[in-house]
Amino acid sequence: MLVYPEVFDVIVVGAGHAGCEAALAAARMGHPTLLITINTERIAHMSCNPAIGGLAKGHLVKEIDALGGEMAKNIDATGIQFRRLNTKKGPAVWSSRAQADMDLYRQRMKQVVERQPNLWVKQAVVDEVLVEDGQVKGIRTSIDEIYLGKTVILTTGTFLRGLIHIGLKNFPSGRMGDPPSNKLSECLKRLGFEIGRLKTGTCPRLDGRTINYDVLEPQYGDDPPHPFSFSTEKIDRPQVPCYITYTNEKTHEIIRSGLDRSPLFTGVIKGIGARYCPSIEDKVVRFPEKPRHQIFIEPEGLNTTEVYPNGIPTSLPIDIQLKMVRSIRGLEKAEIIRPGYAIEYDYANPIQLKPSLETKLIKGLFFAGQINGTSGYEEAAAQGIMAGINAVKYVRGEGPVILDRSQAYIGVLIDDLVTKGTNEPYRMFTSRAEYRLLLREDNADLRLMPLGYELGLIDEETYRRFLEKKRLIEETLKRLSEIKLRPTAGINDTLKNIGTAPLKTPATLKDILRRPEVHIYDLAIFDEYLKDLPQAVAEEVSFQVKYEGYIKHQEEQVARFKKLEDIKIPPDVDYTSIPGLSNEVKEKLSKIRPTSLGQAARISGITPAAISILHVYLTKKKVIK
């Protein structure tokens, strides 16, 4: 047995999207950090689709960037198509998405991790979390290496007792080509954690040389592309199209013919799959009335012919997969390079976590990513950076950083997990955020960058540019409020020329900008200062002006929300002794142990009446004022 003499402040197990963000955050905050992974060649590997962002997921990436994380910078440097989604709707639900060059994405993140001061990388299978008197002490590997640490963050992805299914064949694997982590899952059970089983899946990979692109519908990115990171000035990489095709009735017949050998429909798979990202066989069975399902043909990189047919994740037998693929328009002669598969894996119910992502059971042990029941690279990375920050806070003896639901999608994500738990893979949606008009992509830096700077994760130059942007926004809003137009013939003719109604009474530029048809740059004819506004500033000012009434209403809602959030509940409250609460409510409160009255109110099954009883009890006991 080899015991390494150095005691790390933070040990991160797993180098996927959560692990990279956790390790980088801890190291950048100045603390010796160990990142240990089963295969160092797969650091930040994209196991599923070759893309970052998407609906609500783009918000998470922008927030990670505003806090000082790496994901946005990494996709900006390696993306091959950038698109803003939902732009026909309001700005609250605009979401950025980018196709990644998968190999370059992995390589660049690996370089960033390897070159980061205070960060050491090791390759090993972790078998055990070492615990002494309820406090984490380190980890032990499969070859009996012991690394000691003040905190440990588990970011194990799909590796805990991972089992891959292709038809009725199955074999242990963390993902295709990598071994699973079996003993670590057993260790967590021994330590007393409630462990469940989930399932996810991926699509077959196709040889792009065998696809007939001439009959497919091209889908181009934005021109110019919009970067993810607030520090990226422009994207100058070559951009490529994706293509769209569809399944058809013949495809669905082929799928139905293989259901008797489907692990999903023969009961072989026991784990619960993602409701919002079902396999193609699941979609065909659940929606028999639909004649077709959309497929996006996504390139996996500039230097590979491999493509990802997003829309047909499957665990059907390989012979059915091949027939299915070749029944689709444009794919009649397609060759499968790698089959699609389903993977089952263990996860820990996240109600076993504090809002800091530290476990309630063991001090100094944190969970982040798919181990908490989430799906998606972005959800994992968001948890990773918060776990890394809070592990450092724990080492320093400082209070954790908790983002609430009014501050960030990251706050919504973590609050949902630790308050409600999950029995299926959790995916972020804009509909999960009550205050989504305040939590737009464009203002993630305004919301979170001061915190990232305070934590030491945002460099001086980036923060200087942020302060300049903030100054320009405030100055522009002031000018718009101060410059007043009168209903003269000349002014009204100019307004007609820019496509808006003439004035009947005096109005400020801000009043005119509120009109839906008026763009802020249109007003430069009245104030040349507006002509040279950076686009990011112009967009932010426009959103604030055009949605001012709605924003004010949501801010009032947040003020009411904060009142309950500010009423903190001590961790040692004996809920069983509170008269008037039902046994079910007592049990839920005792299990989740909410940190505030607001969190208690969001627990499933906790009624407003129960919250009132709890509030009165805590006030009478002088636990709260």
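Owing to the predicted nature of the structure, the values given are computational and were not obtained by experimental measurement.

Reading the values: rules and limits
- Residues numbered from 1 in each chain as written.
- Predicted model: local features only at pLDDT ≥ 70, side-chain atom pairs only at ≥ 80, totals over all residues.
- Heavy atoms only, no water.
- Pairing = 2+ DSSP bridges.
- Helix = DSSP H or I, 4+ residues; strand = E, 2+ residues; numbered from the N terminus.
- Axes fitted to C-alpha atoms, helices over the stretch in contact; angles between N-to-C directions.
- Phe/Tyr/Trp six-rings, centres within 6.5 Å; stacked < 30°, edge-to-face > 60°.
- Buried < 20%, exposed > 50% of the residue type's maximum accessible area, 1.4 Å probe, protein only.
- Lys NZ or Arg CZ within 6 Å of the ring centre and 35° of its normal.

Q: Can you break down the sheet that holds strand S10 (residues 163-166) residue by residue, with the values?
A: One key point about sheets: their strands pair by backbone hydrogen bonds, in either a parallel or an antiparallel sense. Taken in spatial order, the 4 strands line up as S11-S10-S19-S12 in an open sheet, and their pairing is antiparallel. Looking at which strands have only one partner, the edges of the open sheet turn out to be strand S11 (169-172) and strand S12 (195-202). Strand after strand, the sheet turns through a mean of 25° between neighbouring axes, direction not considered. As judged from the 4 bridges shared by S10 and S11, these two strands associate in the antiparallel manner. Of the residues in S11, the one forming a bridge with Ile 166 is Lys 169.

Q: Just give me the short version of the packing of aromatic side chains, but keep the residues and values in it.
A: For the structure shown, the criterion picks out 11 aromatic pairs. For the ring pair Tyr 453 and Tyr 463, a centre distance of 3.8 Å and an interplane angle of 5° mean the geometry is stacked. Pair noted here: Tyr 453 is in helix H11 (residues 444-454) and Tyr 463 is in helix H12 (residues 460-482), with a separation of 10 residues, a long-range link. The exposure class of Tyr 463 is buried, given its relative accessible area of 14%. Through a chain of ring-to-ring contacts, the aromatic side chains of Tyr 453, Tyr 463 and Phe 466 assemble into a single cluster. We note Lys 290 situated over the ring of Phe 287; from NZ or CZ to the ring centre the distance is 5.6 Å.

Q: Give me the lowdown on the environment of Glu 253, citing residues and values where you can.
A: In this fold, Glu 253 is placed in helix H6 (residues 249-257). C-alpha of Glu 253 to C-alpha of Met 324: the two residues are 71 residues apart in sequence and 8.9 Å apart in space.

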